[in-house]
Amino acid sequence: MQNNDLKQKLNSLKSYSVIYDGASIKDTIDTIEKRISENEFKIAVVGEFSAGKSTFINAIIGKDILKHATLETTAALTYIHNVRPDDSRLNTCIIKFSDGSSQKLEKLADLEKYTTTQSDIDVVSEVKSVDIFIDFIDVDEELVIVDTPGLNGLADKHRELTVEEIKQAHACI
């Protein structure tokens, strides 16, 4: 089914107020509309803390970029964007802070400070998300792999962040 066909069917469903006025149905239709309008495919990697999510993602992308350890490590939602070799963002990352500001990192080696529980800053409270731009697979479509905090993480917000990301992802591992 083409995106336009799907959009028409969703619009048709929305015209039936009996169906569309229900909160869960409205939310589902709105989520589907958002997903088909995005130009990327997002895969969230989900599990308990120290289950090997970051290690698994490093293996998929073929680079040891994400910090990994036997203790709880990932403290911020981390989006790994597959970009083409000629993309100006290649091998950079953007830190988005909870206060709405952002910072560009030119060196991926500095990433640990903004993504881990071992940081000297309060990553859970101060960092909203991290976007990493690397070339890891030869495809034209936009692919994003998401490293999530553990579902049973020690920080209060970890479970909520991960559950919300599951809802927003196109697929989960």
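If you're wondering where the values come from, they're calculated on a predicted model, not measured in any experiment.

Enquirer: What should I look at first to understand the overall build of the protein in this one?
Expert: For the protein, the helix and strand inventory stands at seven helices and seven strands. Counting from the amino terminus, helix and strand elements in the protein follow one another as α-α-α-β-α-β-β-β-α-α-β-β-α-β. When each of the 173 residues of the protein is scored for burial, the buried share is 35%. At a minimum sequence separation of 6, the contacts of the protein that also span at least 24 residues come to 67%.

Enquirer: I keep staring at the environment of S129 and nothing clicks. Help me out?
Expert: Along the chain, S129 turns up in strand β5 (residues 127-134). Residue S129 is classed as buried on the basis of its relative accessible area of 6%. Apart from the residues lying within four places of it in its own chain, the contact partners of S129 are L77, Y79, I94, I95 and K96.

Enquirer: Sorry, what's going on with the sheet that holds strand β6 (residues 142-147) here?
Expert: What links the strands of a sheet is backbone hydrogen bonding, and the strands pair in either a parallel or an antiparallel sense. Strand order in the open sheet formed by seven strands is β4-β3-β5-β2-β6-β1-β7, and the pairing between neighbours is mixed. Across the chains shown, the open sheet's two edge strands, defined by having one partner strand only, are β4 (102-105) and β7 (171-172). Bridge count between strand β3 (residues 92-97) and β4: four bridges; the pairing is antiparallel. Among the inter-strand pairings, K96 is bridged to a residue of β4, identified as S102. Together, β1 (40-45), β2 (77-82), β5 and β6 form the strand contacts of helix α4 (residues 53-61), whose direction differs from that of β6 by roughly 155 degrees.

Calculation criteria
Residues numbered from 1 in each chain as written. Predicted model: local features only at pLDDT ≥ 70, side-chain atom pairs only at ≥ 80, totals over all residues. Heavy atoms only, no water. Helix = DSSP H or I, 4+ residues; strand = E, 2+ residues; numbered from the N terminus. Buried < 20%, exposed > 50% of the residue type's maximum accessible area, 1.4 Å probe, protein only. Contact = heavy atoms within 4.5 Å. Pairing = 2+ DSSP bridges. Axes fitted to C-alpha atoms, helices over the stretch in contact; angles between N-to-C directions.

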